[in-house]
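Structural features, examined
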Amino acid sequence: MTDQVDGPFSDEAVSSLRSDLKRFLEENDLDPTDCCLVGSVCLSIRDLREHGDIDVCVAPSHRDGVGEIGDLIELASNKYEHIGISDETIIYDGTYHDDVGGIKIVRPEIEYSHKLYRQWEKDREDIALLDEYSQETDEWEPDLVVDDYTPSISHVATRGIRSLRRDGFKRTIEHGIEFTRRHGPLSRRSQDDYETKPTSIPARAVQSYRQAGLKKTVQRGIRLVKLADPTGLLQRYTKPRRKIKVGTLAEDELKLKYDPADFIAAQYSGAEFTRYDLVVYLLAIKEHRGDTRGGFDLYENFEDHADVQPLGEFLDAVDEYFEQQDRPPVPIGYSSEILDPEIAACALYDSQQEVEVTVEKPDVGVKRCPIAWFESRDFTDAELAALRTEFSALLDEHGVLFEAIIWPPASDYFEEIVESLVEEERVHSCTRLTFDRETFGEFVHDLYATQTDVRWEYIEKKIERIGEEPSNILSVQIEVPDPRIRERNSHEMKEIKERYRARYNPQIAPDDPNTRRTIHATDDYAHNRETRDVLEEYEEKALSTHEIISRDKDALEEWEGMAVGECKILSYEKG
């Protein structure tokens, strides 16, 4: 650990921490680069208050056999996991910690987020201290504050399994009860200040009702609906009664416009896409308009099993749709479910920019049509393959597939990473591109130009660090049924990025584990489309292009012994 301390830190507090930490590191044969101090020390080094115990987060790969030193130092594993930040991220991603004289100390915004989520009695004073500090300092990074994290089901399940193994059944039940008490809809926190609030929407509604009454709670709910509205059109309406009708009563004349990706994503139920009938109609439309073949046969087989109009009548309806100057909107239900898949298919075929919809009350129950519906009937393997291929193309065309770029420094691990991604995610395509170093630099520059608030000095340095001659990358398309997009950032993709960075960065750059040399990924649907445009442009500039996993079964190639055919199946059928 160095003695030099830069930043708004107390020399006295840092000196004390260095002395206390030194013995712990020596006795456990640990390097300070594999540890990060978490908890209240981020307040004490800023002279906000004194810290109690020293909580140390140790990287999982260095944690075996590590003991505590008396009553002073405690191990703190997975401290911020409940707000979507892993130990590896805290330790190895410099965004989330300060390097204070060779000691890594968690950023105050992360501890603040933890306390906002936990809401223990003792947290309130610290929240107030950090609120005041954020107003007085220029070093506060508001983008680091996590105030809307929603754990995925798999994340909660993993935590439950880990608790069972570590603490046993009784303690796991107690943890679950405590979690529900603090964050469930019936939580009973102090009602002194609505801004000190639970994070779940039901709990916030109950608390608001207790504090402010029904009228105020309804007004807050309307504001929340407006902020969460995927179409953005509710911003144009100011009357609460009008806004309530959009979500509950729905007026037939009110028309909204959806981004096609949001429109398609709304047709998932859990992890399953439920409207493959939409794909059948799309294939028939494409053959009717001369784009492809095979759609008519698939439609007629579908007609034998479903209550749909004959092919000829459907094609007449398609012609009528495209002959109209003012195309009809797509009827959807209160939860954005498609009520007329024929019109929806025409709209998706016709438009790349937006899908106009109208909210209506369903006359009957909405029919779900997942891929399992087709698999359980006598559709041929070729027809099932056509359905999956067209579904994948639909997601790609409208930017629903998220893009992951595996960087050149990870080239020795390409095969291992692809196999892991196929096992853990829903991979739809994977292509290896080879650039000369100059073209690679241009590619990275254009890739980051699709983002906002880019630190170009950092990007130029990154190009120097990760570029090679030649430079090989992997371009991977991933289907993410529940991306959990908040403020143009997918929490699910962020977790994927951090998992692979933590797994491979220490191997790729053992002397510089903070550098993000493994993976880059897109943040939302618009970013997906922009990144895909850049990739397609640079595919023409690449020295070589090699498809590893393709939507076109005939285009699949073997790559260093990988069972690509199995990858193809997993990419579509992995549940």
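Residues numbered from 1 in each chain as written. Predicted model: local features only at pLDDT ≥ 70, side-chain atom pairs only at ≥ 80, totals over all residues. Heavy atoms only, no water.

Digging into the pattern of salt bridges
Summed over the entire model, instances satisfying the criterion amount to 28 salt bridges. A salt bridge links Glu139 to Arg107, with the shortest nitrogen-to-oxygen separation between them at 3.0 Å. Pair noted here: Glu139 is in the loop between helix H5 (123-136) and helix H6 (153-183) and Arg107 is in the loop between strand E5 (103-106) and helix H4 (108-118), with a separation of 32 residues, a long-range link. Since its relative accessible area comes to 15%, Glu139 is described here as buried. By relative accessible area, which is 7% here, Arg107 ends up buried. Put simply, Glu424 and Arg499 hold a salt bridge, and the shortest N to O gap is 3.3 Å. Of this pair, Glu424 sits in helix H16 (residues 414-424) while Arg499 is found in helix H19 (residues 491-508), placing the two residues 75 residues apart along the sequence. Connected through salt bridges with shared partners, the residues Arg46, Asp98, Arg107, Glu109 and Glu139 form a single ionic network. (Salt bridge = Lys/Arg side-chain N within 4 Å of Asp/Glu carboxyl O. Helix = DSSP H or I, 4+ residues; strand = E, 2+ residues; numbered from the N terminus. Buried < 20%, exposed > 50% of the residue type's maximum accessible area, 1.4 Å probe, protein only.)

Topic: helix H15 (residues 381-397)
The end-to-end C-alpha separation of H15 is 24 Å, in line with the 24 Å expected for 17 residues at 1.5 Å each. Listed in full, the buried residues belonging to H15 are Glu383, Leu384, Leu387, Arg388, Glu390, Phe391, Ser392, Leu394, Leu395 and Asp396. (Expected span 1.5 Å × (residues − 1).)

Description of unusual backbone geometry
Residue Pro470 is bonded to the preceding Glu469 through a cis peptide linkage, with omega at -5°. Among the secondary structure elements, Pro470 is positioned in the loop between helix H18 (456-466) and strand E13 (471-479). Phi at Asp29 takes a positive value of approximately 50°, unusual for a residue other than glycine. By secondary structure assignment, the location of Asp29 is in the loop between helix H1 (11-27) and strand E1 (35-38). At Asp47, a residue that is not glycine, the phi angle is positive and equals roughly 60°.

What about the nonpolar core?
Across soluble globular proteins, nonpolar side chains show a tendency to be buried alongside one another. Counting 77 residues, the largest nonpolar core has Phe263, Phe302, Phe314, Val330, Phe374, Leu387 and Val476 as the members making the most contacts within it. Top contributing element to this core by residue count: helix H10 (residues 276-288), with 9 residues. If we skip the residues at most four places from it in the chain, Phe302 touches Asp277, Val280, Tyr281, Val308, Cys369, Trp373, Phe374 and Phe379. Within the second largest apolar cluster, 46 residues are counted, among which are Cys35, Val41, Ile73 and Leu116. (Core = buried A, V, L, I, M, F, W, Y, C linked by side-chain atoms within 4.5 Å. Contact = heavy atoms within 4.5 Å.)

Considerations on the packing of H10 against H15
At a minimum axis distance of 10 Å, the contact between H10 and H15 shows a crossing angle of 90°. By the angle between their axes, H10 is roughly perpendicular relative to H15. Seen from H10, the contacting residues are Tyr276, Val279, Val280, Leu282, Leu283 and Lys286; seen from H15, they are Ala386, Leu387, Glu390, Phe391 and Leu394. For the contact of H10 with H15, a count of residues per class yields 9 nonpolar, no polar and 2 charged. (Axes fitted to C-alpha atoms, helices over the stretch in contact; angles between N-to-C directions. Parallel < 35°, antiparallel > 145°, perpendicular 65-115°, else oblique. Nonpolar A, V, L, I, M, F, W, Y, C, P; charged D, E, K, R; others polar.)

Here's the deal with a negative patch on the surface
Taken together, the side chains of Glu141, Asp143, Asp147 and Glu487 define an acidic patch exposed on the protein surface. Relative to the elements of secondary structure, Glu141 occurs in the loop between H5 and H6. (Patch = residues over 30% accessible without salt bridge, like charges linked within 9 Å, V, L, I, M, F, W, Y side chains within 5 Å. Areas by Shrake-Rupley, 256 points an atom, 1.4 Å probe, with all protein chains shown as cover. Lys, Arg positive; Asp, Glu negative; His and termini not counted. Charge placed at Lys NZ, Arg CZ, Asp CG, Glu CD.)

Thoughts on the pairing of E13
Burial runs high along E13: 8 of the 9 residues are buried. Taken together, the 9 bridges between strand E12 (residues 426-435) and E13 define a ladder with antiparallel strand orientation. Paired with Cys430 across the two strands is Val476, which belongs to E13. (Pairing = 2+ DSSP bridges.)

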